[in-house]
Protein chains: 2
Amino acid sequence: MDNLFAERINALRQIMESNGWDAVVVSGSDPHSSEYPAPRWQQVRWLCGFTGEAGDLVITRDHAGLWTDSRYFIQALSQLEGTGVELHKTRLPDSISIPSWLSDKARTVAVDGLCWNVAAIEEITDALGEGGLVVDVPDMLQTLWEDRPMIPVTPVTTLDVDTFGGISRQEKLSWLRKWMLLEDVDRMLLTSLDEIAWMLNVRGSDIDYNPLVISYLLVSQDEVRWFVKKPSAFADPDTLDSFNELEMDDIIVDDYDAVFFALSDFSGEDNPVTLFVDPSTLNHHLYSYVQDSYPPEMLRCGTSPVILQKSIKTISEIDNLRQTHIDDGAAMERFLYWLETEVASGREITEWEASEMLTSLRAEIPGYRGNSFENISAYGANAALPHYSTPEEGSSFIKPSGLYLVDSGGQYLTGTTDITRTVPMGECTNLQKEDYTLVLKGMIDLSMAVFPKGTAGCQIDALARMPLWKAKRNFGHGTGHGIGYYLCVHEGPQSIRYQYNPQPLLPGMVTSNEPGLYREGMHGIRHENIVLCKEAGSSEFGDWLDFETLTCCHIDTSAILPELVDKEELDWLNSYNEHVFRTLSPLLPEHIAQWLRIKTLPLK
Amino acid sequence: MDNLFAERINALRQIMESNGWDAVVVSGSDPHSSEYPAPRWQQVRWLCGFTGEAGDLVITRDHAGLWTDSRYFIQALSQLEGTGVELHKTRLPDSISIPSWLSDKARTVAVDGLCWNVAAIEEITDALGEGGLVVDVPDMLQTLWEDRPMIPVTPVTTLDVDTFGGISRQEKLSWLRKWMLLEDVDRMLLTSLDEIAWMLNVRGSDIDYNPLVISYLLVSQDEVRWFVKKPSAFADPDTLDSFNELEMDDIIVDDYDAVFFALSDFSGEDNPVTLFVDPSTLNHHLYSYVQDSYPPEMLRCGTSPVILQKSIKTISEIDNLRQTHIDDGAAMERFLYWLETEVASGREITEWEASEMLTSLRAEIPGYRGNSFENISAYGANAALPHYSTPEEGSSFIKPSGLYLVDSGGQYLTGTTDITRTVPMGECTNLQKEDYTLVLKGMIDLSMAVFPKGTAGCQIDALARMPLWKAKRNFGHGTGHGIGYYLCVHEGPQSIRYQYNPQPLLPGMVTSNEPGLYREGMHGIRHENIVLCKEAGSSEFGDWLDFETLTCCHIDTSAILPELVDKEELDWLNSYNEHVFRTLSPLLPEHIAQWLRIKTLPLK
């Protein structure tokens, strides 16, 4: 296997040599800056075997390097073995970015301009400086990658807002058009797949775990044009109905590739129009077409307003989300009950079996449309990889001691879930208990936060870390990410991170709360709930916000060191577990409800 | 009195009219962007009577407005009464800055370019846009202000680093010159008074509470030129000695105003040199000279490196600071004992008397050189003004109930102190106790923080606010400011604030920790200690920092609601008070030590 990747890289090096390129930079993303690309664009994986969700590859004549963040350090080291590819760690204080690294090592850098956004290519161009050259070679790997997958064409469905929440596409378009008028924008190009799905109330399955349709959307005051692979006449009836519905709503459906011609044609000297694009998701290759036809003064580059609008869930979406988290929590409880009783009874359960069982329990929920990401089912030291990928073959057995971590979520017509529970399977070491308790304290402290309107997630991130920090422990990932509504499990613009992000948390935003602690070779812990940012009233000191925890699944108290927990935290925990019991027990079989009663008895 | 200010503003309006100016913007600062200007530059005060430490005035033909922040809202409203000047609140979410406000109200704006820094004038110029004009009229008020004070000339002293800590001016100059070489800077102009005092190890008393000498400093590789009002031959011996010492150290002393000619002359076509200036403290008027003689490519504008270097106290400075805070704390304890016994015995003490008593106790400390700011001695509702100015005549009596707030500090040859204690004088209402306890919890929570290297103050500010936030209460000022070493009581670059400031807290930085709570017409509470940022060791998760509390003065436990305090906070408080008792009791008379023993008995 190792040789295969080294061979592929060498083949690419030959192309480099014959073209006079000093370096090739291969993106881990797709033409829409998606976090998870469809197989066609998993070029980094094809070249070096790394399966992590974030990673870019740089190949020069004498070096090959993978840039990825702390979630994937351990995994990358293991997967890159023998490929000759070295790990470059990102998001560390002394990290060197790809552009900086390239600056003194290459003059001519080739990229697949389809898979890099404008901002990224500008960074590389700036870093190369005068005399540097970025060569755009769309579908660069095409000649090497013989069985490269096609652009996926999968069933498409439309969402009925009366049943599934949210607001109609016509209302959304009318909001966007008002924004365009205010901003003096004649045409607006949406390039991010989740923005397009949200805008049109369409969902597909072109990308695993992400209910998206690979497409572009061009909106003007009098026309909406959707560039997408059209279904054949033999497609499933729901897909055909969906396209009909869109066309009845005056959405013009055009071919996916037609976007290039549309953007070349659209501007004229007689009647110049302004075009808005978001350089953070517009790909470099398409941008070069835009630049050829739109003079700079007619181009508006900025952050798409859809991102913020989409992050603020509507009342009907929130109502649905509450119920979806209850249903999802009931499946989780069935799973946790099954796991505990099976392992206690001496059956040998693997991480993979557990993961499959959890998926099958979720699949019973009405409206289930798949998982929202690949289940992380990790026992013992495996959980020290925050994004462990459970192998189908040869995954570890879950033993009746230590900690098992399960991070999973569902896609439902009524929302997206994401939950992590760390489960004490039996006897735990004192260090495990300490880590378990400190991480939990952080999650609780953040859950209890109240903060003035205008506060950004980065201003309260330290709450979730301080219990760990006081013990000189820390975790390398963010504390919270936004979550879509039957959309991507990661979305912006808000986050709860150590890094600066000025976006205030707004009422209606849904964010994860997931501190963790990872000890390589020992154990990994993460406690993750989804929280809704809500109005918490006003006082003479201003307007206040707080969090409502949407996730509804008990937190195991058996690994808690009670002496480390203060009264306020304990009260929160006991009241949360009691709430979980009261909410879920009517939905569970009698024997599981009885088990849950025991699991949720107040601590201390 | 009111009429006087209205008359002055009207006189200025006549000048405006005859010159065709639409607006005059009057700065609350001096030619060095000092926070506290000498009387000569208290132009805002002279024009409208406002005595707050931060405030700028805008006068148009039909409007006069004072821009100031929440510390001064109540005071400004009271002082501006009858002047016709309206209050414009700054640092609020919907605050409109002076440049934005002016943008659609004026085309021609006159300023005293000496008292505005480059950055501020650039903002105004940008806001006015095309067709707008900023007219620089140095000493604009000269003709109206008949008895305007002169530029002060006060005694100057040099600091012996062996006795008073820090490092020698030669070492500092050599550090700066190395920095200049690295940054390709031939000449460096220092314009901020505390940077100059730090650089040369000189102190003066040109500005109340700030041991500064009004001057500029120009450093090149082969020359150091100090532009300052020279002492007459009849000046005090220490001043004359100080100037001699500087000249023996090859510091060329030149006249204060000669800086204009020096910067006009210095650059030549034959031998072009680069000049570094910091636009945040360089005044607009001097900058216009610089711009006339230095072509843009020879000008380096940026943040002076002295600011960061100065903020990191040396080991000898830190040793001295610890002792200085002990001495200062002993004076505070004498004061608090005196206050409690006097008031309890029925004597009628005014805020002013208390303030004077406190100053006289500090004055007994060897090395005392004055207060570091005007004592805030405020009883009851007066304390609701975070920067209450205690009047000499007619200040309130301190009664044996409710809360008395005293915020004060000393300038010593061995450091600067700043401490606030809120003193329960007897019976307190439940609301007073709640506020007292919640503010204290915030101060303690921040004191106990441990955080990874690289963390900025704004990332941990929420710790000091969360106990208040949870009760939907808040305070409008920052939580912590840097403090100079026998220098300004406020210094950068670090801060602990709600607002973004990316400067990481570094070992050796000294910062205040001072949450508060203010209820207009009722009471004001602030608990303030000075904390030193220190290395706290390393772990597999990185390098850690924490705080050592330097302030040494007990915290009164009588107004604490123990049920609101968690165990960790209680332990911190009891251990702090015990530390204060053990440290100070040997320095206090027996009866005060006995009193302090009672005051510091552990709570609960």
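Quick note: structure is the one above.
All values derive from a computational prediction rather than experimental measurement.

Quick notes on the rules
- Residues numbered from 1 in each chain as written.
- Chains lettered and ligands numbered in written order.
- Predicted model: local features only at pLDDT ≥ 70, side-chain atom pairs only at ≥ 80, totals over all residues.
- Heavy atoms only, no water.
- Helix = DSSP H or I, 4+ residues; strand = E, 2+ residues; numbered from the N terminus.
- Rg over C-alpha atoms; globule rule 2.2 N^0.38 Å.
- Buried < 20%, exposed > 50% of the residue type's maximum accessible area, 1.4 Å probe, protein only.
- Contact = heavy atoms within 4.5 Å.
- Salt bridge = Lys/Arg side-chain N within 4 Å of Asp/Glu carboxyl O.
- Polar contact = N/O pair within 3.5 Å; in protein donor to acceptor, adjacent residues only side chain to side chain.
- Least-squares fit on C-alpha atoms with pLDDT ≥ 70 in both.
- Pairing = 2+ DSSP bridges.
- Axes fitted to C-alpha atoms, helices over the stretch in contact; angles between N-to-C directions.
- Nonpolar A, V, L, I, M, F, W, Y, C, P; charged D, E, K, R; others polar.
- Disulfide = S-S within 2.5 Å.

Caption draft 1: Region of interest: the overall build of chain A. Scanning chain A from terminus to terminus reveals 18 helices and 28 strands. On C-alpha atoms alone, chain A measures out to a radius of gyration of 25 Å, which is about the 25 Å that the 2.2 N^0.38 rule sets for 604 residues. For chain A, the C-alpha atoms occupy an extent of roughly 75 × 55 × 55 Å along the three principal directions. Taking all 604 residues of chain A together, 61% fall into the buried category. Counting only contacts in chain A whose residues sit at least 6 apart along the sequence, the fraction spanning at least 24 positions is 70%.

Caption draft 2: Inspection of the interface of chain B and chain A at higher detail. Contacts between the two partners involve 30 residues from chain B, matched on the other side by 30 residues from chain A. Joining chain B to chain A, the criterion identifies four salt bridges. For Glu 568 of chain A, the salt bridge goes to Lys 470 of chain B, with nearest N and O atoms at 3.1 Å. On the surface where chain B and chain A come into contact, there are 12 residue pairs in polar contact (both at pLDDT 80 or more).

Caption draft 3: The relation of the copies chain B and chain A, seen in detail. In the superposition of chain B on chain A (RMSD 0.0 Å, axial shift 0.0 Å), the rotation amounts to 180°. Here the transformation between the copies is reduced to the relation of a two-fold axis. The C-alpha atom lying nearest the rotation axis in chain B is that of Gln 459 of chain B; the distance is 2.7 Å. Interface overlap between copies is the fraction of interface residues in one copy that are interface residues in the other; for chain B against chain A it reaches 100%, indicating a shared surface.

Caption draft 4: Region of the structure containing the pairing of strand E25 (residues 516–519) of chain A. Residue and element names in this part refer to chain A. Burial along E25 is two-sided: the face carrying Gly 516 and Tyr 518 and the face carrying Leu 517 and Arg 519 are both buried. When E25 meets strand E26 (residues 523–526), the two strands line up antiparallel, connected through four bridges. Paired with Leu 517 across the strands is Ile 525, a residue of E26. Joining the antiparallel neighbours E25 and E26 is a turn of three residues, in which Gly 521 adopts a positive phi near 80°.

Caption draft 5: Representation of the packing of helix H7 (residues 169–182) of chain B against helix H8 (residues 193–200) of chain B in the model. Residue and element names in this part refer to chain B. Two numbers describe how H7 lies on H8: the axes approach to 7 Å, and their chain directions differ by 120°. Along the contact surface, H7 presents Arg 169, Lys 172, Leu 173, Trp 175 and Leu 176, while H8 presents Trp 198, Met 199 and Leu 200. In terms of residue class, the contact of H7 with H8 is made up of six nonpolar, no polar and two charged.

Caption draft 6: Fine view of the sheet that holds strand E10 (residues 215–220) of chain B. Residues and elements named next belong to chain B. Spatial strand order, E12-E11-E10-E8-E13-E14: six strands in an open sheet with mixed pairing. Strands at the two margins of the open sheet, each flanked by one partner only, are strand E12 (251–254) and strand E14 (299–301). Each adjacent strand pair in this sheet contributes to an overall mean axis angle of 20°, direction not counted. Each of strand E11 (224–228) and E12 touches helix H9 (residues 237–248); the most contacted strand, E12, lies at about 130° to it. Those strands touched by helix H11 (residues 284–293) are strand E8 (187–190), E10, strand E13 (275–277) and E14, and its axis lies near 145° from that of E14.

Caption draft 7: Representation of the state of the cysteines within the structure. Throughout the structure, instances matching the rule amount to zero disulfides over all chains. With no disulfide of its own, Cys 458 of chain A lies closest to Cys 458 of chain B among cysteine sulfurs, the gap being 6.9 Å.

Caption draft 8: Here's a closer look at the sheet that holds strand E3 (residues 64–68) of chain A. Residues and elements named next belong to chain A. Read across the sheet, six strands follow the order E4-E3-E2-E1-E5-E6 without closing on themselves; strand pairing throughout is mixed. Looking at strand neighbours, the two that pair on one side only are strand E4 (86–89) and strand E6 (133–136), the edges of this open sheet. Mean inter-strand twist for the sheet, computed between neighbouring axes without regard to direction, equals 25°. Note that strand E5 (residues 108–111) and E6 share four bridges and pair parallel. Bridge pairing in E6 places Val 111 opposite Asp 136. Packed onto the sheet, helix H5 (residues 118–128) meets E5 and E6 and runs at close to 145° relative to E6.

Caption draft 9: Representation of the environment of His 527 of chain A in the model. Residues and elements named next belong to chain A. Relative to the assigned elements, His 527 resides in the loop between E26 and strand E27 (529–539). Placed 39 residues apart in sequence, His 527 and Asp 566 show a C-alpha to C-alpha distance of 18 Å. Beyond its immediate sequence surroundings of up to four residues, His 527 is in contact with Thr 420, Thr 422, Tyr 436, Val 439, Leu 440, Met 443, Asn 513, Glu 514 and Pro 515.

Caption draft 10: Structural context of the environment of Ile 9 of chain A. All names here are of chain A. Secondary-structure assignment places Ile 9 in helix H1 (residues 2–19). The class of Ile 9 is buried, set by a relative accessible area of 2%. Taking the C-alpha atoms as reference points, Ile 9 and Leu 47, separated by 38 residues in sequence, lie 6.2 Å from one another. Apart from the residues lying within four places of it in its own chain, the contact partners of Ile 9 are Leu 47, Ile 59, Thr 83 and Val 85.

Caption draft 11: Broad picture of unusual backbone geometry. With omega at 5°, the peptide bond leading from Gly 492 of chain A into Pro 493 of chain A counts as cis. Mapped onto the elements, Pro 493 of chain A comes out in strand E23 (residues 491–496). For Arg 91 of chain A, which is not glycine, the phi dihedral falls at a positive 60°. Here Arg 91 of chain A is to be found in the loop between E4 and helix H4 (98–103). Despite not being glycine, Lys 604 of chain B shows a phi value in the positive range, around 65°. Note on placement: Lys 604 of chain B falls in the segment after helix H18 (590–599).

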